[in-house]
Protein chains: 2
Amino acid sequence: MSMRRLDTADAAFDAQFAALTDRDSPEQTEIDARVAAIIADVRERGDEAVLEYTRELDRRDGVAFDALEISRERMQRALDALAADDRAALEAAAERIASFAESQKIAPVRYHDDDGNELGQIVRPIERAGIYAPGGKAAYPSSVLMNAVPAKVAGVGEIVMVSPAPEGVLNEWVLAAAAVAGVDRFFTIGGAQAVAALAYGTEHIPEVDKIVGPGNAYVASAKRQVFGRVGIESVAGPSEVLIVADGTGDPEWAALDLFAQAEHDEMARAMLVSPDADYLDAVDAAVERLIADQPRAAIIRAALDGHGALIRCADLDDALRLVNAIAPEHLELAVADPDALLDGIRHAGAIFMGHRTPEAFGDYCAGPNHVLPTGRTARFSSALGAYDFQKRISVVSASEAGARRLAPIAVRLAEGEGLHAHAASAAARAGGGSTD
Amino acid sequence: MSMRRLDTADAAFDAQFAALTDRDSPEQTEIDARVAAIIADVRERGDEAVLEYTRELDRRDGVAFDALEISRERMQRALDALAADDRAALEAAAERIASFAESQKIAPVRYHDDDGNELGQIVRPIERAGIYAPGGKAAYPSSVLMNAVPAKVAGVGEIVMVSPAPEGVLNEWVLAAAAVAGVDRFFTIGGAQAVAALAYGTEHIPEVDKIVGPGNAYVASAKRQVFGRVGIESVAGPSEVLIVADGTGDPEWAALDLFAQAEHDEMARAMLVSPDADYLDAVDAAVERLIADQPRAAIIRAALDGHGALIRCADLDDALRLVNAIAPEHLELAVADPDALLDGIRHAGAIFMGHRTPEAFGDYCAGPNHVLPTGRTARFSSALGAYDFQKRISVVSASEAGARRLAPIAVRLAEGEGLHAHAASAAARAGGGSTD
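Residue indices begin from 1 for each chain and proceed along its sequence in written order. The naming scheme follows written order: chains are lettered A onward, ligands numbered 1 onward. Given that the model is predicted, a residue must reach a pLDDT of at least 70 before its local features are reported, and side-chain atom pairs must reach 80 or more before they are shown or counted; all residues, however, enter totals for whole chains, interfaces and linings. Processing note: side-chain calculations cover all non-hydrogen atoms of the structure and skip hydrogens and water entirely.

Attention now goes to the packing of aromatic side chains. Put simply, two rings from Phe, Tyr or Trp (the six-membered ring, in Trp's case) pair if the centres are within 6.5 Å, and we call them stacked under 30 degrees between planes, edge-to-face over 60, tilted for the rest. One pass over the full model with this rule turns up 5 aromatic pairs over all chains. Ring geometry for F13 of chain A and F17 of chain A: centres 5.3 Å apart, planes at 20 degrees, overall stacked. Of this pair, F13 of chain A and F17 of chain A both sit in helix 1 (residues 13-21), 4 residues apart, which is roughly one turn of that helix. Per-residue accessibility, obtained with a 1.4 Å probe over protein chains only, is compared with the maximum for each type, and a residue is labelled buried under 20%, exposed over 50%, and partly exposed between these values. We classify F17 of chain A as buried; its relative accessible area is 10%. Each ring, one from F227 of chain A and one from F227 of chain B, has its centre 5.0 Å from the other, and the planes form 15 degrees; the classification is stacked. Only DSSP runs of H or I reaching four residues or more are called helices, and only runs of E reaching two or more are called strands; each is numbered from the N terminus.

Okay, here's the thing in structure tokens:
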């Protein structure tokens, strides 16, 4: 295969590029309506509805509700049954994810102003978190670690995980990862019905305070629809990588990195931008040369055909303009001096610096989270982290001198807003008062 | 009037309390459908649609689009025209809000692990923020400060404010507050059409990256529907206060604090919980005695009748159980020793400590933000802050030794997930390679 080629210098580039990165899907309204009906049904009928959808959509005819919950013992058995090296890899990854999450914990704020008023924010963990992990073909133990470990580090009281098991087939790696991450409860349910059950609770499934984790279009729609009732971290879209290359890297490494993104699914987006036309040719040749060896070549081809591109740019500044326009989930700086580009980057989910840092390190074990903002949402959101499982509570404690100083300011502004009770409430604290 | 009385010891309490705090509104689906149509219309017709809705819904017949934008000069004129004391109050509040926001800024993370890998998170401000400020009867300059000042402190590049001006009437305080806060552009539009315009952009209105600020049910629905396309801070519901009282406070102060919450609108929720029955009687009497003097007595009566309550509890531990069940937006600890209760509080938006710290201080000038999580969303979200206008970008830089150590872990986990290109991409970095 030969990859799509674009050039930022072409008059048609903006239009071509917009078409390539367009995310509006015509089916969205249908999906939203279908999901809304499922949520309403689960709210009304609880377990019964969850069981019916699971039997039908996950092809688990006649399964009993009790059989949908996986015990801690079962998770532990899966971990114990792993090959020693596999278990060591899982535990090493969990350890690195945990130590990075530790560095993210929100620090409380507390100080006194000149009038002796005490101001601050105390920090509390989310009490109960729900984690959605995709199942079936896309069951990834790494996603279980990436979602559950930061929650554990943040001090979440109970972690409830849901992950569908089509035809009842369990993924032993996923069970083992849940054991390593310290998942408290695990239900093999998925789709919009699982999100609805976590958001509203049923007889068997506890209501959670926040739902995180990736999923398909139905899961994403369900998360958006229950947002407000519970917290969510973001709404995930297709995964993306943008590689910025100066031509100093090995074209085969670049090809493999594009494959790594493209092999996720046909919707995955893998692009490389470079001012070096010969390098782009070399990467294209490497793609052709290496793709045949890829077990998932068919998916890779479909993804690269549909959403892949090798983009010629004028220079690295031109590349940075593209970076900030795309706000890529994953950004690889395959250049000799990645630090020189860092200041110019305003939007990205995660940055992988230099030739020796492939996205794959970040997907599994570098430490930073692989749950990242997709579809330009890096303009306003960040990687999942320990901070997503903590919240801040403001604390104000006025001193007597402070109350005397604050009251007249509040009174004046309250009167300006026509809120006379606010003014009276503030004024009462200005002077003495029966409480002294 | 006499306020509703509840007792946590009554068998019927849970049911009574659930009914009192129920938030499901039957009209929600209609509102969502109406809002979805407005958003689709604004996406399709841009300025033309925004202008039509504004002329109709804000009763601004025949207004031209250009007349909808307020210049920086106009904002400054409003500030210059304020009485000196009013201006001083506005500027003092802005200063206190800014200095608290400074304490909230997200610190970057950067460290090296044992293998010399560099790991961290860099912090970037939101590029363009949209701020929604209610207009008409509920136009509050304090909300302008509370939304715009933290954005400014975070380093947001451009702040675009929208606020409806029914019949074209401008609120000079709001214009002045926009000038003080450094709002860059200001359009007098509101409702779902304003949210849609900020989310998708029109010919005249720039597309923003995140939309914050309170609004009515249509605005809240619109924010939920555009979430994902842009960021939002939360979906605001009716404002709430819960006062925990041990009986050591002045009942009239408690009554005024209940009034201050209730005067916002008929949906506002004001409750007081105390183990001291005599104190509850005294507060009830103070409410009856003082309400007549309140210019907004009619609204206060409606709010207290509909959603107010004086709740008898067994002791302060019992009160804390109620606090955590309600997760109140505003929590006043009207007790002799508020610090003794702090550890027991898991969910609240903001806490006002002791008799001398009324919510009104926090509403205007204490420093912490008055945009707070409502409707039990304090279980998973926090006050608006500088951090809402910043985002984190993960940065990973593998050393040669680090790559040798990380590669085999990634390879093993990737193979476990059947993602062979991930494995190949990681393995390529394990040894030498043409890039050295």
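Here we take up the pairing of strand 13 (residues 330-334) of chain B. Residue and element names in this part refer to chain B. The buried fraction of strand 13 amounts to 5 of the 5 residues, a majority that puts the element mostly inside the structure. By this definition, two strands are paired if DSSP reports at least two bridges between them. Pairing geometry for strand 10 (residues 240-245) and strand 13, over 5 bridges, is parallel. Its bridge partner being in strand 13, I243 is matched across the sheet by E332. Judged from the 4 bridges that link them, strand 13 and strand 14 (residues 350-353) form a sheet pairing that is parallel. Each residue of the ladder has a partner; that of L331, found in strand 14, is I351.

Least-squares superposition aligns the copies on the C-alpha atoms of those residues with pLDDT at or above 70 in both. Once turned by 180 degrees and shifted 0.0 Å along the axis, chain A lies on chain B with an RMSD of 0.0 Å. Between the two chains, the operation in question is that of a two-fold axis. Residue R224 of chain A of chain A places its C-alpha closer to the rotation axis than any other residue of that unit, at 3.8 Å.

Attention shifts here to the UniProt feature "binding site: Zn(2+)" (unreviewed entry) in chain A. UniProt positions are given in the numbering used here, feature names are shortened, and annotations may be inferred rather than shown by experiment. As recorded in UniProt, the feature "binding site: Zn(2+)" (unreviewed entry) lies at Q261, H264, D363 and H422 of chain A. Across 162 residues, the annotated set is spatially dispersed, with a maximum C-alpha separation of 56.2 Å. Tracing the backbone through its elements, the reader meets D363 of chain A in helix 15 (residues 359-364). Exposure remark for H422 of chain A: the relative accessible area of 1% places this residue in the buried category. The contact definition used throughout considers only heavy atoms, calling two residues in contact when any of these lie within 4.5 Å. Beyond its immediate stretch of four places on either side in the chain, H422 of chain A contacts A414 of chain A together with A260, E263, H264, A360, D363 and Y364 of chain B.

The next point concerns the packing of helix 10 (residues 251-262) of chain B against helix 11 (residues 277-291) of chain B. All names here are of chain B. Axis definition: a line fitted to C-alpha atoms, limited for helices to the stretch in contact. Angles are taken between N-to-C directions and run from 0 to 180 degrees. Remark: helix 10 packs on helix 11, axes separated minimally by 8 Å, with the N-to-C direction vectors making an angle of 60 degrees. Put simply, helix 10 runs oblique to helix 11. For the pair helix 10 and helix 11, the crossing hand works out as right-handed. Each of P251, E252, A254, A255, L256, L258 and F259 in helix 10 lies in contact with helix 11, whose residues at this interface are Y279, A282, V283, A286, V287, R289, L290 and I291. Split by residue class, the contact of helix 10 with helix 11 holds 13 nonpolar, no polar and 2 charged. Roughly parallel here means an angle under 35 degrees, roughly antiparallel means over 145, roughly perpendicular means 65 to 115, and every remaining angle is called oblique. A clockwise turn of the near helix away from the far one marks a right-handed crossing, whereas an anticlockwise turn of less than a right angle marks a left-handed crossing. When residues are grouped by polarity, Ala, Val, Leu, Ile, Met, Phe, Trp, Tyr, Cys and Pro land in nonpolar, Asp, Glu, Lys and Arg in charged, and all others, Gly among them, in polar.

Next up on the list: helix 13 (residues 316-326) of chain B. Residues and elements named next belong to chain B. Those residues of helix 13 that sit buried are D318, A319, L320, L322, V323, N324 and I326. Summarising the contacts, the buried residues of helix 13 are in contact with helix 1 (13-21), strand 10, strand 11 (269-274), strand 12 (309-312), strand 13 and helix 14 (339-342). Two N or O atoms count as a polar contact when they lie within 3.5 Å, although within protein this holds only if one can serve as hydrogen donor and the other as acceptor, and sequence-adjacent residues are included solely when both atoms are side-chain atoms. The backbone nitrogen of D317 lies 3.1 Å from a side-chain oxygen of the residue at the head of helix 13, namely D315. Once helix 13 ends, the next one or two residues include A327, with phi positive near 50 degrees.

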